[in-house]
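# Geometric and topological summary
So you can see what is in the structure, the chains are spelled out below.
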Amino acid sequence: MRKDIYEKMQILANSAKYDVSCSSSGSENNHKTGELGATHNSSICHTFTADGRCVSLLKVLLTNFCIYDCAYCINRKSNDIKRAAFSPRELADITINFYKRNYIEGLFLSSGIIDNEDHTMVLILRTLKILRYEYHFNGYIHVKLIPGTDDRLIDEVVALANRVSSNIELPSDKSLKLLAPNKTKEKILQPLKHARDKSLENDTKPIGMSTQLIIGATPENDKDILKLSSVLYDKALLKRVYYSAYIPVNDDRNLPAIVNKPPLLREHRLYQADWLLRFYDFSYDEIVSEEFPNLDEELDPKTSWALHNLSYFPMEINKVSKDELLRIPGIGVRGVFKILKARKFKSLDFEDLKKLKISIKRAQYFITCKGKYCAKVSFCSDTIKQAIIEPPKKRVIQPSLFDIDYSAITGEL
Amino acid sequence: MILIYDKTFEGFLTLVYDVYYEKLKPNSIFKQKPNKLILEEIKQIQTNEIKATKVLEAIKNKFSKKAFQTILNIFMCDNDDFEVDLLNFIIIGFKDKNELFNINNSSIFYIQNLEKQLFRANHKMSGFLRFEELEDNTLYAKLESRFNLCYFLGKHFYKRLNNQNYIIHDINRKLAFIKDGTSIKVENIASFEEPNLSEDEEKFKRLWNSFFEAVSIESRKNEKLQRDLVPLLYRTYMTEFEN
Ligand code: SF4
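Here is a short report on the structure shown in this document.

Conventions adopted
- Residue positions are counted from 1 within each chain, in the order its sequence is given.
- Working convention: letters from A go to chains and numbers from 1 go to ligands, in the order in which they are written.
- Predicted model: local features are reported for residues with pLDDT of at least 70 only, side-chain atom pairs are reported and counted for 80 or more only, and whole-chain, interface and lining totals are derived from all residues.
- Calculated side-chain values reflect all of the structure's heavy atoms, with hydrogen atoms and water omitted.
- Helix and strand labels come from DSSP, where a helix needs a run of H or I of at least four residues and a strand needs a run of E of at least two; each type is numbered from the N terminus.
- Should any heavy atoms of two residues lie within 4.5 Å, those residues are considered in contact.
- Two parts placed together each lose some accessible area under a 1.4 Å probe, and adding up what both lose gives the buried area.
- Salt bridge criterion: a side-chain nitrogen from Lys or Arg within 4 Å of a carboxyl oxygen from Asp or Glu.
- Nitrogen and oxygen atoms within 3.5 Å of one another constitute a polar contact, given that in protein one can donate a hydrogen and the other can accept it, and given that sequence-neighbouring residues count only through two side-chain atoms.
- The nonpolar class holds Ala, Val, Leu, Ile, Met, Phe, Trp, Tyr, Cys and Pro. Asp, Glu, Lys and Arg form the charged class, and all remaining residues, Gly among them, are polar.
- If a single non-hydrogen atom of a residue is within 4 Å of a molecule or strand, that residue counts as near it.
- Here a cavity denotes grid points, spaced 1 Å and computed from the protein atoms alone, that fit a 1.4 Å probe unable to get out, and a pocket denotes an open set having protein on both sides within 12 Å along at least 5 of 7 lines; residues with an atom within 4 Å of a point are the lining.
- A molecule is counted as occupying a cavity or pocket when more than half of its atoms fall within 2 Å of that pocket's grid points.

### Here we look at unusual backbone geometry
All names here are of chain A. Look at the link from Phe313 to Pro314: it is a cis peptide, with omega at -10°. Considering the arrangement of structural elements, one finds Pro314 in the loop between helix H10 (301-308) and strand S9 (315-316). In the Ramachandran plot, Asn102 falls in the positive-phi region, its phi being about 65° despite a non-glycine side chain.

### Some points on the interface of chain B and chain A
One frequently used descriptor of interface size is the decrease in accessible area upon assembly of the parts. Between chain B and chain A, the contact holds 55 residues from the first and 64 residues from the second. Interface area, chain B with chain A, both sides summed: about 5200 Å², of which 58% is carbon and sulfur. Broken down residue by residue, the surface that chain B buries against chain A is led by Arg160, Phe211 and Arg220 of chain B, which jointly contribute 16%. Counting across the chain B and chain A interface gives four salt bridges. For Glu133 of chain B, the salt bridge goes to Lys100 of chain A, with nearest N and O atoms at 3.7 Å. Summed over the shared surface of chain B and chain A, the number is 14 residue pairs in polar contact (both at pLDDT 80 or more). Where the side of chain B that touches chain A is concerned, the elements lending two or more residues are helix H5 (106-128), strand S4 (131-133), helix H6 (150-160), helix H7 (201-214) and helix H8 (223-229) of chain B. Broken down by element, the residue count for the side of chain B that touches chain A peaks at 11 residues, all from H7 of chain B. Looking at side-chain class alone, the side of chain B that touches chain A contains 22 nonpolar, 18 polar and 15 charged residues.

### Remarks on the site of the ligand
Residue and element names in this part refer to chain A. As a structural note, the neighbourhood of the ligand is formed by Cys66, Tyr68, Cys70, Cys73, Arg76, Gly112, Ile113 and Lys183. Judged by its atoms lying within 2 Å of the grid points, the ligand is housed in the largest cavity. Grouping the amino acids of the shell around the ligand by side-chain chemistry returns five nonpolar, one polar and two charged.

This is how it looks when you write it as structure tokens:
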């Protein structure tokens, strides 16, 4: 039976929702007179879902038909689920109409593999061409590259998209072999490498790329994961790594059997650690080590680092350098800038920090202002930890994110 | 002393002029005569174009582009009580423009904060505003906000909807940003009738709602968080939160 368009939307949005990359930030502004759409440098959230995620893109699959059978994936061939496919024309029309109504910033297009890799990529490409050439749409488009596609098709997609990605999904080859037997890390990274090189031919900046890792479906520890991310950042291959707490959607003997709740806290800690890699100049082995390969669940990684390195503290707010300020738990990038600016005019005390709207709830244990230390516990790592973890009422951390870009707030440590 | 001006930008610039040359020391600045009896001296500012132009030129010359923009932004955002602080801001800037970064001064701190709040509200609204397509394909959005965002949003969408006609209607202030062909203007809207929607409008609303429901992950549901992120006051015109 033919499905109506509403049902298709239901199916294909539902199938795409486990992909967490979402933000459209960081792309150049490129509007043109007489055309439709522009990208915006900081990402704009158009709404938030009932689970608190920012919606900024129309994130759908072109189709959820798939010839493969990856164990963690809801769209795997062996699953008995409703299937549907958009035509390129349908999808382009919906995108344009959503954009005009200001529902979205653009399109995030991914797909199951229908028939074969190249055929699927061609359908995606056709959608892009209608949007760019026919509707003169300059808004944001993110395309999930399909590993194993012909390089020439990748070239065409790279020329039309603002960002591309290819999900690594699992942090090691061994796990991939187990859960996604037709994939290897090599094969997954191939389109990304090709896209980087291709986009560098025409431009000094490579096209923005990202990937996603599933957390908790396989036995890798946080050190394995952060090491992988940090290598990918260093090679300038990727702009973002997204972490997605494993949500069981299938029964498979190779998957962890009973997971009551997705490991959200672990996901949250990984995002915090990732943030330290990208914006605070931490290296991964400062955050995790042979001895402690996993992030502390009780403390954010910056606080945890500080408690292991108490000799750098307490820092005098009025004296230490910018780099040092950045390492103070509880003081984020913006806080550091505020302090640096205000310091030029006077030497700051705790009252001044309050006025600058810098919360010292956490920082108080690690700083002095004009030589004064104001925390009411003795300066040693056990007591500080105690004081941070156990303020009278027990706090449950509510990880609010998949998308940290939106919230400079949640990400800052 | 209390100063009263006529709410216009010219009026405010005139006020700056008079404060300067008549060495006035206002404690408060009102947009109209207060009703209750006040013992303080009250002075009504007579808006004067020549004085206003002089001050405007002086500000343009003396202030950085960014600080000038701040002054305009604060004025346009239409908050209740910005006048005394904006006046101080301008006076400080004339004395020493480096001081404009000294957030230890309460007026400067206030102005900077207000501008930030304005930007934040504007940023949120630029995502949460919803257009509906009218019969003649014009896109029409209703707006309610603490700040006067009409102009800021109008500008934002000028880039995005460059080949479209659109209207952003501030319901409470009875203002609208109107883009029609190549012309753009902000106009007073005294009265208006609910316009007719295009044939497709229902379809895309339904598709959007269908999408919105489908992307939420049941096992991560957290409505309190959702309420923090999209406060109820923003939801009035958001399709996906209707009913
Ligand atoms: S190839 Fe992609 S869509 Fe198909 S089963 Fe594997 S992960 Fe799912």
